[in-house]
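What the coordinates show
Residues per chain are reported as follows:
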Amino acid sequence: LYSPFNVETFSRSYDYDEKEVHSAYYSLDFGYKDFLTLTTTGRYDNYSTLYPMEDTGIFTQSVTGAFVFDRLLDVPAMDFGKLRASYAVTSGDPFEAYLTNFYYTSANSYNGVPAGSSPLSLPNLSLKPFTTDEVEFGLDLSFFKNRLAFDIAYFNKTTHDEIMRADLSVASGFTSAVVATGSTNNKGLEVLVSGTPVQTPSFSWKTSFNLTNVKNEVLSTDNNDNPVNLGQNRATLGNAVTAYVVGKAGPQIRAYDYAYDSDGDIIVDEAGLPVRGELKDWGSVLPTVYGGLNNEFNYKGISFSFLVDYSFGNKVLSATEFYSHFRGLHKNTLVGRDGGVVTDGITASAEDYYKALVQNVTMTSVVDGDFIKLRQLTFGYSLPERWFASTPVLKGLDISLVARNLAILMRNAENIDPEANFGSNINYTGIEGTSLPSTRSFGFNLNFKLN
């Protein structure tokens, strides 16, 4: 057996993953007098990651129509008006290769005899491509010689036969399986308003504001619609996770609450330490409302712009909150520092109480992800073109200073940057892992304009 693992000490990982897709595509465009257009596309894909005995190919299509109605209206203030509508279906293959068969791997030798390990994930012999269908309606408007513009769109998108891992009982001989029963729905409204409030020969002010509102819902997961866990951080381990939960926006943060008695009071054990209660859903890691405001000012070659963006409606599972309580660094742990924490007449030391609190009641590590940030600021100057009149190659030069992530103007999470994350893997979205504070960056740009 030729394998990189056939050495006495192997401290690196080795993996092999090869995928291939064969595709064919067409597009047809029709137009009538520049105010009616219709476009249709079709695509056939054949995926190597699907079981070869099944039909691994799929055909998907789209159709888009637009009506430029300002041509038929006599509205002096309107420069442009368009209605658009589209319907599209797209497809995709599994998140990784080799999910449709059993594969055995080499393992540590036993008494000098090479050994192997059996797979713990049950493959799926009938995987087919998942699909996403989306309907969108839009409206584009422009007024007052393009000084004011609106771009409004409504969308409704649903995925079908999503491929994901599902947990199995160990008694079955496997710990997980690959299923293709997932489905999610996203629908929402996107609005962009842009304009030029001031325009003179020497000064201009351009501004734009965009807002997106999204409602997300998990429609189905595995065959029994059980919650499907995605990720966790090192602090809360399995006592708090992100998961797809049917009927809820996903992924949800699932963590344990306090235990309460019939009167609604917190239950503690005989040592005065908090008792773990029910596992509950505390909110989605994805925002429901987000967007930004951008302003640009120009005066005789001097330019200044700033961008403020915002995000609301999501939760974050924070390891910083966990460890700051566990190690007595959080300001909340000052309560009971002298004399202990008294609950229901029982006194516990502050150290024991707060360690038990964050280990048992993991909802204490869930924080609000809302924020407003000063994202970018730019200050620049365009040198007069007359300075380069005698230069054969160069006709202009723009100089600018750019700064990013300058300030958090508002946040509800006191101790972390709400955008901090645990890793690039999608399973860790909404999980913070004792991240360093986000940094500001400052740059200097030169833009040469050539003849």
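See the structure shown above.
Residues numbered from 1 in each chain as written. Predicted model: local features only at pLDDT ≥ 70, side-chain atom pairs only at ≥ 80, totals over all residues. Heavy atoms only, no water.

1. Concerning the overall build of the protein chain
Selection criterion: Think of it this way: any DSSP run of H or I at least four residues long counts as a helix, any run of E at least two long counts as a strand, and we number them from the N terminus. Put simply, the radius of gyration uses C-alpha atoms, and a globule should come to 2.2 Å times the residue count raised to 0.38. Relative accessible area decides the class of each residue, using a 1.4 Å probe on protein chains only: under 20% of the type maximum gives buried, over 50% gives exposed, and in between gives partly exposed. Here the accessible surface of atoms and residues is derived via Shrake-Rupley with a 1.4 Å probe, and residues count as covered only by protein chains that are part of the display. Only four residue types enter the tally: Lys and Arg on the positive side, Asp and Glu on the negative side, with His and both chain ends excluded. The location of each charge is read from NZ of Lys, CZ of Arg, CG of Asp or CD of Glu.
Tallying secondary structure elements over the protein chain gives two helices and 26 strands in all. Over its C-alpha atoms the protein chain spans a radius of gyration of 29 Å, topping by over 25% the 22 Å that the globule rule assigns to 451 residues. If one aligns the C-alpha atoms of the protein chain with their principal axes, the spans along those axes are about 80 × 70 × 55 Å. Residues counted as buried form 36% of the 451 residues belonging to the protein chain. Carbon and sulfur atoms provide 55% of the accessible area of the protein chain, an area that totals close to 26400 Å². Within the protein chain, the 50 negative side-chain charges are centred at a point lying 10 Å from the centre of the 34 positive side-chain charges.

2. Side note on a nonpolar patch on the surface
Test applied: Patches were defined on residues exceeding 30% relative accessible area and lacking a salt bridge, with like-charge contacts within 9 Å and nonpolar side-chain contacts (Val, Leu, Ile, Met, Phe, Trp, Tyr) within 5 Å. By definition, a salt bridge exists where a carboxyl oxygen of Asp or Glu is found within 4 Å of a side-chain nitrogen of Lys or Arg.
A cluster of nonpolar side chains, namely Y299, I302, F304, F379, Y381, W387, V393, L401, F444, L446, F448 and L450, defines an oily patch on the protein surface of about 1200 Å² accessible area. Elements with a minimum of two residues in the nonpolar patch: β18 (302-312), β23 (371-382) and β26 (441-450). Relative to the helices and strands, L401 is located in strand β24 (residues 394-411).

3. Quick word on helix α1 (residues 319-326)
An α-helix turns once per 3.6 residues; consequently, residues spaced three or four apart project the same way. How we decide: Here, two residues are considered to be in contact whenever any of their heavy atoms come within 4.5 Å of each other.
The buried count for α1 comes to six of eight residues, which makes it a mostly enclosed element. Three or more residues of α1 are buried, namely A319, T320, E321, F322, S324 and H325. Buried residues belonging to α1 abut β19 (315-318), α2 (350-360), β22 (366-368) and β25 (431-432). With its phi angle positive at about 75 degrees, G328 sits one or two positions after the end of α1.

4. Considering the sheet that holds β25
Applied cut-off: Should DSSP find at least two bridges between two strands, the strands are taken to pair. Angular values range over 0 to 180 degrees, each being the angle between N-to-C directions of two axes fitted as lines to C-alpha atoms, with helices fitted over their stretch in contact.
One open sheet holds the three strands; their spatial order is β22-β19-β25, and the pairing between them is mixed. Strand pairing shows two members of the sheet lacking a second neighbour, β22 and β25, which therefore form its edges. Across the sheet, α1 lies against β19, β22 and β25, angled at about 45 degrees from β19, the strand it touches most.

5. Remarks on unusual backbone geometry
Across the junction of G250 and P251, the peptide omega takes the value -10 degrees, indicating a cis bond. Among the secondary structure elements, P251 is positioned in the loop between β14 (240-244) and β15 (252-258). Of note in this structure, Y98 is not a glycine but carries a positive phi near 65 degrees. Within the secondary structure, Y98 sits in the loop between β4 (78-92) and β5 (105-110).

6. Considerations on the packing of α1 against α2
Our working definition: Small angles under 35 degrees read as roughly parallel and large ones over 145 as roughly antiparallel, with 65 to 115 read as roughly perpendicular and the rest as oblique.
Direction vectors running N to C along α1 and α2 enclose 155 degrees, while the axes themselves pass 8 Å from each other. On the basis of their axis angle, the class for α1 and α2 is roughly antiparallel. For the pair formed by α1 and α2, the contact residues are F322, H325 and F326 on the first element and Y354, K355, V358 and Q359 on the second.

7. Quick word on the layout of surface pockets
Rule in force here: A 1.4 Å probe that fits but cannot get out identifies a cavity on a 1 Å grid over protein atoms alone, an open set with protein on both sides within 12 Å along at least five of seven lines counts as a pocket, and a residue lines either if it has an atom within 4 Å of a point. Grid points are joined across faces, edges and corners, and a volume is the space filled by probe spheres set on the points.
In this model, the largest pocket occupies a volume close to 1100 Å³. If you trace the largest pocket, you find 37 residues lining it, with F5, Y103, Y104, T105 and S106 closest to the centre. Elements with a contribution of two residues or more to the lining of the largest pocket: β5, β6 (113-117), β7 (121-122) and β11 (176-199). The volume enclosed by the second largest pocket comes to roughly 930 Å³. Of all elements in the fold, only β9 (148-160), β10 (162-167), β11 and β13 (228-231) reach the threshold of two or more residues within the lining of the second largest pocket. Element by element, the count of residues in the lining of the second largest pocket is highest for β10, at five residues.

8. A word on the packing of aromatic side chains
Quick reminder of the rule: Geometry of aromatic contacts follows a simple scheme: Phe, Tyr and Trp rings, the Trp one being its six-membered ring, pair when their centres are within 6.5 Å, and the pair is stacked under 30 degrees between planes, edge-to-face over 60, tilted otherwise.
Under the counting rule described, the total for this entry stands at 16 aromatic pairs. Between F67 and F69, the aromatic rings sit 6.2 Å apart at their centres with planes inclined by 55 degrees, giving tilted as the arrangement. A residue is classified by how much of its surface remains accessible, and F69, at 14% relative accessible area, is buried. Ring plane angle 75 degrees and centroid distance 6.4 Å describe the contact between F143 and F150, whose orientation is recorded as edge-to-face. Residue F150 is classed as partly exposed on the basis of its relative accessible area of 27%.

9. Considerations on α2
Within α2 the residues assigned to the buried category are A350, Y353, Y354, A356, L357 and V358. In this structure, the buried residues of α2 make contact with β15, α1, β20 (341-343) and β21 (346-348).

10. Concerning a negative patch on the surface
A cluster of acidic side chains, namely D15, D17, E18 and E20, defines a negative patch on the protein surface. Position of E20 among the secondary structure elements: in the segment before β1 (21-32).

11. So, the nonpolar core
For clarity, the threshold we go by: Grouping buried Ala, Val, Leu, Ile, Met, Phe, Trp, Tyr and Cys residues that are joined through side-chain atoms within 4.5 Å yields what is termed a nonpolar core.
Y353, Y354 and L357 are the most contacted members of the largest nonpolar core, which totals 17 residues. Take this core: its biggest share by element is five residues, from α2. Apart from the residues lying within four places of it in its own chain, the contact partners of L357 are Y258, P274, T362 and T364. By size, the runner-up hydrophobic cluster in this structure holds seven residues, among which are L50, L99, L127 and I163.

12. Comments concerning the side chain of T378
Positionally, T378 belongs in strand β23. If we skip the residues at most four places from it in the chain, T378 touches S303, F304, S305, S400, L401 and V402.

13. Here we look at the environment of E278
Position of E278 among the secondary structure elements: in strand β16 (residues 276-284). Residue classification places E278 among the exposed residues on the basis of a relative accessible area of 57%. Between the alpha carbons of E278 and N229 there is a distance of 17 Å; along the sequence they are 49 residues apart. Setting aside residues no more than four positions away along its own chain, E278 makes contact with A255, Y256, D257 and Y258.

Shape is all these values report; function is a separate question.
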